[in-house]
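Coordinates in review
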Amino acid sequence: EKRQEEEKRFKEAQEVAAKLLSELEELIKTAETAAASLREEATAFATDPAGFKSMNEIGIAAKTVEATGSEARKKIEACSTFLASSSERIQAGSRKLGVGRNKETADTPAKPSLTELRQRTVASTHLVEKALHELRSKQQSIEKKLEAESVMQKREATFRKYDKDKDGVLNRKEAMLYVKGEFNFALDETAIDKIFKVIVENGVNGVKGEDIQRLLTAVGIARERERDKVRREQRLERESKTAELRAELVRYLQEVAGPVKAVAETLVEVAVKLKPRIEASSTMMLEQAAAADDMLSKVRESLAECREQLQGLNGREVEQSLRSFHRKETRQLERSITGLEGRLKDSLTSLKKLRGEAKKIATKELMQVQTAAIHALRCYQRTKGLSNDALFAAIDTKKDGSIDEAEFLAFFSKEIQSKESAEPAEKDVDGARNIEQGKDSKVALVNSDLPKLFTYLDEEGSKSLTQEAFVRFVKSYMKVVKDTVMSSDCNVKDGKAVKRLDVNEVVEVLEGPTKEGSIGVERVRAKAMSDGVEGWLTLEGNQGSVFLVECSGLFRVVKETILTDSF
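Now for a quick tour of the structure. (Residues numbered from 1 in each chain as written. Predicted model: local features only at pLDDT ≥ 70, side-chain atom pairs only at ≥ 80, totals over all residues. Heavy atoms only, no water.)

1. So, the overall build of the chain
When helices and strands are tallied, the chain shows 14 helices and 11 strands. Residues classed as buried in the chain amount to 33% of the 567 residues present. Looking at the chain alone, contacts between residues at least 24 apart form 68% of all its contacts between residues at least 6 apart. When the accessible surface of the chain is split by element, carbon and sulfur atoms take 51% of a total near 36,000 Å². (Helix = DSSP H or I, 4+ residues; strand = E, 2+ residues; numbered from the N terminus. Buried < 20%, exposed > 50% of the residue type's maximum accessible area, 1.4 Å probe, protein only. Contact = heavy atoms within 4.5 Å. Areas by Shrake-Rupley, 256 points an atom, 1.4 Å probe, with all protein chains shown as cover.)

2. Topic: the pairing of strand 5 (residues 476–480)
In regular strands, side chains alternate between the two faces of the sheet. Burial runs high along strand 5: 4 of the 5 residues are buried. Of the pairings in the sheet, the one linking strand 5 to strand 11 (residues 548–551) comprises 4 bridges and is antiparallel in character. Bridge pairing in strand 11 links Tyr477 to Cys551. (Pairing = 2+ DSSP bridges.)

3. What to know about the environment of Ser347
Tracing the backbone shows Ser347 in helix 9 (residues 323–384). Setting aside anything within four residues of it in sequence, one finds Ser347 in contact with Leu267, Val270, Leu274 and Leu296.

4. So, the packing of helix 9 against helix 14 (residues 467–474)
Put simply, helix 9 and helix 14 touch, their axes get as near as 10 Å, and they point 95° apart. Overall, the two elements helix 9 and helix 14 adopt an arrangement that is roughly perpendicular. Contacts between helix 9 and helix 14 involve Gln370, Ala373, Ile374, Leu377 and Arg378 from the first element and Phe470, Phe473 and Val474 from the second. When grouped by side-chain class, the residues that make up the contact of helix 9 with helix 14 number 6 nonpolar, 1 polar and 1 charged. (Axes fitted to C-alpha atoms, helices over the stretch in contact; angles between N-to-C directions. Parallel < 35°, antiparallel > 145°, perpendicular 65-115°, else oblique. Nonpolar A, V, L, I, M, F, W, Y, C, P; charged D, E, K, R; others polar.)

5. Points about the packing of aromatic side chains
Tallying each qualifying case throughout the model produces 8 aromatic pairs. Note on Phe392 and Phe470: the rings are 5.8 Å apart at their centroids and 50° apart in plane angle, and the pair reads as tilted. Residue Phe392 is found in helix 10 (residues 388–395), and its partner Phe470 is found in helix 14; the two are separated by 78 residues along the sequence. With respect to class, Phe392 is no different from Phe470; both count as buried. Seen from their ring centres, Phe408 and Phe454 are 5.5 Å apart, and the 50° between their planes marks the pair as tilted. Separated by 46 residues along the polypeptide, Phe408 in helix 11 (residues 405–420) and Phe454 in helix 13 (residues 450–457) bring together distant segments of the chain. Pair check on accessibility: Phe408 and Phe454 agree, each one buried. Put simply, the rings of Tyr380, Phe408, Phe411, Phe412 and Phe454 touch in pairs and so form one group of aromatic residues. Between the NZ or CZ atom of Arg246 and the centre of the ring of Phe325, over which it lies, the distance is 3.9 Å. Above the face of the Tyr252 ring, Arg251 is positioned so that its terminal group lies 5.9 Å from the ring centre. (Phe/Tyr/Trp six-rings, centres within 6.5 Å; stacked < 30°, edge-to-face > 60°. Lys NZ or Arg CZ within 6 Å of the ring centre and 35° of its normal.)

6. Looking at the pattern of salt bridges
Inspection of every chain in the model, using the stated rule, returns 22 salt bridges. A salt bridge links Glu239 to Arg235, with the nearest nitrogen and oxygen atoms 3.1 Å apart. Of the two residues, Glu239 and Arg235 both sit in helix 7 (residues 212–274), 4 residues apart, roughly one turn of that helix. The class for Glu239 is partly exposed, based on a relative accessible area of 40%. Residues Asp404 and Lys398 are paired through a salt bridge, measuring 2.8 Å at the closest nitrogen-oxygen approach. For Asp404, a relative accessible area of 17% translates into the label buried. Residue Lys398 is classed as exposed on the basis of its relative accessible area of 53%. Among the charged side chains, a salt-bridge network with shared partners connects Glu224, Arg227, Asp228 and Arg231. (Salt bridge = Lys/Arg side-chain N within 4 Å of Asp/Glu carboxyl O.)

7. Quick notes on the environment of Thr538
Examined against the element boundaries, Thr538 turns out to sit in strand 10 (residues 534–538). Through-space distance from the C-alpha of Thr538 to that of Met486 is 8.2 Å; in sequence the pair is 52 residues apart. Here Thr538 is in contact with Val521, Glu522, Arg523, Phe547 and Leu548, once residues within four sequence places are set aside. A distance of 2.8 Å separates polar atoms of two side chains, one belonging to Thr538 and the other to Arg523. (Polar contact = N/O pair within 3.5 Å; in protein donor to acceptor, adjacent residues only side chain to side chain.)

8. Quick notes on helix 14
For helix 14, the set of buried residues is Ala469, Phe470, Val471, Phe473 and Val474. Those residues of helix 14 hidden inside the fold are in contact with helix 9, helix 10, strand 3 (402–404), helix 13, strand 4 (464–466) and strand 5.

9. Examining the pairing of strand 10
Where burial is concerned, most of strand 10 is hidden: 4 out of the 5 residues are buried. Pairing of strand 9 (residues 522–528) with strand 10 involves 5 bridges; the strand directions are antiparallel. Among the inter-strand pairings, Val524 is bridged to a residue of strand 10, identified as Leu537. Counting the residues between successive antiparallel strands, the hairpin from strand 9 to strand 10 contains 5 residues, one of them, Gly532, with a positive phi of roughly 80°.

10. Concerning helix 10
Restricting attention to buried positions, one finds in helix 10 the residues Asn388, Leu391, Phe392 and Ile395. The arc that holds the buried residues of helix 10, viewed along the axis, is 100°, so those residues lie on one side. (Arc of directions from axis to C-beta.)

11. Section: unusual backbone geometry
Most peptide bonds are trans, and most residues other than glycine sit at a negative phi. Here the phi dihedral of Lys166 falls at roughly 55°; this positive angle occurs in a residue that is not glycine. According to the relative accessible area criterion, Lys166 is exposed, its value standing at 62%. Here the phi dihedral of Lys463 falls at roughly 65°; this positive angle occurs in a residue that is not glycine. Relative to the helices and strands, Lys463 is located in the loop between helix 13 and strand 4.

12. Overview of the side chain of His326
Its location among the elements puts His326 in helix 9. Within the structure, His326 has its side chain in polar contact with the backbone oxygen of Leu313 (distance 2.8 Å). When neighbours within four sequence positions are excluded, His326 is seen to be in contact with Leu249, Leu313, Asn314 and Val318.

Next comes the structure, spelled out in structure tokens:
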């Protein structure tokens, strides 16, 4: 029973497969018939003995064949759709077709298999696509042929149009009219002579119809030469205009570059002026600083103008061909100006440093002038035997209780400098102090330095020196370097000891130095700063022992003390 049921299912599957194969075979036969018809029409299109006379005829015939091709494609598409939907059922029944075949079916012709039908479908597809491809190729070939024939017909008609004398050739005049009328290009006599020399045969009066293409080629060459000439003139005009614009741009750039270069040169000069000089005086340094300051002020103004001009250049509209040059040059100027601004800043720093050095040197020079002036005044005091008050009275020629600048300068000019070379040199007492301080005691007084000294001494700005201020200036102090005794008289033998002085005590010199008569030593009358006791002291013993040396009049508190209003 189970076997009978299986055989029943097998038989039903075989019947379905056979039916589907029959339907598919019919569809394929229809597609093959359509493909064959397309092939015949395409072949007839390609081999039409009558030929085609116009593009319209070609288009109509091609559309007819393409319509047949579209119909064939639809039928092949129906086969493909049927295969896609029925392949599985056909394959299921086909596997059972050879099973249990009896003697009655053994002699019946076999139906086409699914594989064979699929191959026939593919073959039909290839046939249709090949026929359509050949159709298109042939259509394009025929259209090109007709276009060429149309061109030739038009060319012949045009040739006949300009062949006024109907001699079958175009003479020079006719050829020139032909070129002018058809191409709007005028040939000159030189050009037409060259063309005729090349394409016209000897003994012929003009260009033949079959040589018209050569004429057109020659005309095209001549026209291109004329265009080249026009293009060359336009190019030269553009280049000339560009050169003018470039020259103008260069001029604007030079208006900035010139001052920039001048600024660079000025900064080099400034650097030379600001370079420290070991032997330079404060006056010279200040003059250099003033000159450098003036130059730097001009440099600052010039750089500001250059920066403003450069900004104007950056905002300037420039032709496309000059933009790269413009950008390169303005960037170079930008770098140059930025660099010079940095150098200007460095120069201003150097200027400030130079003025600081000049101020230090001026102070040092003033101290040297002060030392030399004090030395000269004390030498004058010793020579004349004057006290500090008497020296003040000698300088105060107006006797008004003060020394003005004119009296100060006149005294040095008349009494000091005029006698320096005439008087014999005395022992340089001030030299001891200067040697102790590591300074040169031989500093020459210069008239131009004395006004500076007077201004320095005039602390209150009253344009005169009081007796107290002058005495404070010339007052001399000495320091004990070896224990000694202060006596009551200049003469060593007659004087009595009034005070013993220890090392490092300081005294104020009131008179002297004076040469003592009995033993020939230098003596000064002085006042002890510690207790105000006055007396005479020996500077240097007859055996070479030094007791006192010059020292500064500046004192500092070394231990806490009190200040009283009286001694």
